[in-house]
Amino acid sequence: MFRAAAAGVLGFILIFVESMIVMKLKGYATIEFGGIAPFINVWAMNFFFVFAILTQLTNWYGNKNRLEEDQSY
């Protein structure tokens, strides 16, 4: 549940980071997303991107702790 909430917030923040990069590279003053639907689509892509990264990080951390506790290797 925490991953989904964090992914939603970080995905939203990532939209603005991406927009700032595009504006700097192209010299734009603003960006037009073309409506709410394209904006939601970009947010959804960022959400799943961040969610996948957070899932991998939590799995890695859990496995790392389990290996350290096991000590049977």
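This write-up is about the structure you can find in this document. Owing to the predicted nature of the structure, the values given are computational and were not obtained by experimental measurement. (Residues numbered from 1 in each chain as written. Predicted model: local features only at pLDDT ≥ 70, side-chain atom pairs only at ≥ 80, totals over all residues. Heavy atoms only, no water.)

## Here we look at the overall build of the chain
Inference 1: Within the chain, the secondary structure is distributed over two helices and zero strands.
Inference 2: For the C-alpha atoms alone, the extent of the chain along its principal axes is close to 60 × 25 × 15 Å.
Inference 3: Across the 73 residues in the chain, those meeting the buried criterion constitute 15%.
Inference 4: Contacts spanning at least 24 positions in sequence make up 76% of the contacts within the chain whose residues lie at least 6 apart.
Inference 5: Of the roughly 5,900 Å² of accessible surface on the chain, a fraction of 70% belongs to carbon and sulfur atoms. (Helix = DSSP H or I, 4+ residues; strand = E, 2+ residues; numbered from the N terminus. Buried < 20%, exposed > 50% of the residue type's maximum accessible area, 1.4 Å probe, protein only. Contact = heavy atoms within 4.5 Å. Areas by Shrake-Rupley, 256 points an atom, 1.4 Å probe, with all protein chains shown as cover.)

## Quick word on the packing of aromatic side chains
How two aromatic rings sit relative to each other is given by the distance of their centres and the angle of their planes.
Inference 1: In this structure the tally under the stated criterion is six aromatic pairs.
Inference 2: Each ring, one from Phe 47 and one from Phe 48, has its centre 5.1 Å from the other, and the planes form 80°; the classification is edge-to-face.
Inference 3: The exposed category is assigned to Phe 48, whose relative accessible area is 54%.
Inference 4: Both rings, one in Phe 47 and one in Phe 51, keep their centres 5.9 Å apart while their planes meet at 15°; by these two values the pair is stacked. Here Phe 47 and its partner Phe 51 are both found in helix H2 (residues 36-70), four residues apart, which amounts to about one turn of the helix.
Inference 5: Given a relative accessible area of 21%, Phe 47 falls into the partly exposed group. (Phe/Tyr/Trp six-rings, centres within 6.5 Å; stacked < 30°, edge-to-face > 60°.)

## Remarks on a nonpolar patch on the surface
Inference 1: Among the surface-exposed residues, Val 9, Leu 10, Ile 13, Val 17, Ile 21 and Leu 25 lie close enough to one another that they form a single nonpolar patch of about 570 Å² accessible area.
Inference 2: One can find Val 17 in helix H1 (residues 2-26). (Patch = residues over 30% accessible without salt bridge, like charges linked within 9 Å, V, L, I, M, F, W, Y side chains within 5 Å. Salt bridge = Lys/Arg side-chain N within 4 Å of Asp/Glu carboxyl O.)

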